[in-house]
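Topology and contacts: notes
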Amino acid sequence: MAVMTSNAYSQYANNRILTASPAELTLMLYDGAIKFCNIAIMGIETGNIQKAHDNIMKVQRIIEEFQITLNFDYPIANDFNNVYNYLLRRLRDANMTKDKEILEEVNTHIHTMRDTWKEVMKLTSH
């Protein structure tokens, strides 16, 4: 039964991704970054350095993906690029030192960006 439930969830998650709009995919990436940041913090708290490292790298890849997709035709892209560079620098620092306070700071920034993105989605969906 557990295998069926797991497969059903996987199918649901895959369908959700395949049918998501670009805005929804962006929101999913923010949510993923927050989740992986939380898992990395737990890894540090429990002394599981590999878990911390693996999940910090996942957060970095998501931030790098955001950075790659910036459209520099719009001046605001430079501001986002600066924020992403800062977050990537802080993530590298956190990974080298396994400092959970740095990850908590990064997580706060990602939460703010995610919440702002949700507001933009609400405003543009009408």
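Computed from a predicted structure; not experimentally measured.

**As for the overall build of the protein chain**
Within the protein chain one finds five helices and zero strands. Reading the protein chain from its N terminus to its C terminus gives the helix and strand order α-α-α-α-α. Every one of the 126 residues in the protein chain was classed for burial, and the buried ones make up 33%. The contacts of the protein chain with a sequence gap of at least 6 include a subset with a gap of at least 24, amounting to 61%. As displayed, the protein chain offers around 8200 Å² of accessible surface, 58% of which is attributable to carbon and sulfur atoms.

**A look at the side chain of K98**
Here K98 is to be found in the loop between helix 4 (76-97) and helix 5 (100-124). Reaching out from K98, the side chain makes a polar contact with the backbone oxygen of N95 at a distance of 2.4 Å. For K98, the residues in contact, after removing those within four places along its chain, are I44, I49, A52, H53 and D93.

**Some words on the layout of surface pockets**
Within this model, the largest pocket holds a volume of roughly 440 Å³. As for the largest pocket, its lining consists of 18 residues, and the residues nearest its centre are Y30, L70, F80, Y84 and W117. Every element with two or more residues in the lining of the largest pocket is listed here: helix 2 (22-45), helix 3 (49-68), helix 4 and helix 5. Ranked by residues supplied to the lining of the largest pocket, first place goes to helix 5 with five residues. The class makeup of the residues in the lining of the largest pocket is 12 nonpolar, five polar and one charged.

**Regarding the packing of aromatic side chains**
This structure, assessed with the given rule, holds three aromatic pairs. A centroid spacing of 4.5 Å and a plane angle of 35° characterise the contact between Y30 and F66, whose relative ring orientation is tilted. Here Y30, found in helix 2, pairs with F66, found in helix 3; they are 36 residues apart in sequence, far enough to count as distant. Classification of Y30 as buried rests on a relative accessible area of 4%. Note on F66: relative accessible area 7%, which makes it buried. Ring plane angle 20° and centroid distance 5.9 Å describe the contact between F66 and Y84, whose orientation is recorded as stacked. In this pair, F66 sits in helix 3 while Y84 sits in helix 4, placing the two residues 18 residues apart along the sequence.

**Here we look at the nonpolar core**
Proteins that are soluble and globular tend to have nonpolar side chains buried together. Membership of the largest hydrophobic core comes to 26 residues, with the highest contact counts inside it found for V59, I63, Y84, L91, L103 and I110. Counting only elements with at least two residues in this core, the list comes to helix 2, helix 3, helix 4 and helix 5. Of all the elements, helix 2 adds the most residues to this core, at eight residues. Apart from the residues within four sequence positions on either side, I63 is in contact with Y84, L87, L88, L91 and I110.

**Describing the pattern of salt bridges**
Enumeration according to the criterion identifies six salt bridges in this entry. A salt bridge links K100 to E45; the nearest nitrogen and oxygen atoms lie 2.8 Å apart. Residue K100 is found in helix 5, and its partner E45 is found in helix 2; the two are separated by 55 residues along the sequence. Connected via shared salt-bridge partners are D31, R114 and D115.

Thresholds, definitions, all that
Residues numbered from 1 in each chain as written. Predicted model: local features only at pLDDT ≥ 70, side-chain atom pairs only at ≥ 80, totals over all residues. Heavy atoms only, no water. Helix = DSSP H or I, 4+ residues; strand = E, 2+ residues; numbered from the N terminus. Buried < 20%, exposed > 50% of the residue type's maximum accessible area, 1.4 Å probe, protein only. Contact = heavy atoms within 4.5 Å. Areas by Shrake-Rupley, 256 points an atom, 1.4 Å probe, with all protein chains shown as cover. Polar contact = N/O pair within 3.5 Å; in protein donor to acceptor, adjacent residues only side chain to side chain. 1 Å grid on protein atoms, 1.4 Å probe; cavity = no way out; pocket = protein on both sides within 12 Å on 5 of 7 lines; lining within 4 Å. Points joined across faces, edges and corners; volume = space filled by probe spheres on them. Nonpolar A, V, L, I, M, F, W, Y, C, P; charged D, E, K, R; others polar. Phe/Tyr/Trp six-rings, centres within 6.5 Å; stacked < 30°, edge-to-face > 60°. Core = buried A, V, L, I, M, F, W, Y, C linked by side-chain atoms within 4.5 Å. Salt bridge = Lys/Arg side-chain N within 4 Å of Asp/Glu carboxyl O.

Everything listed here is a matter of coordinates, which is why it stays silent on function.
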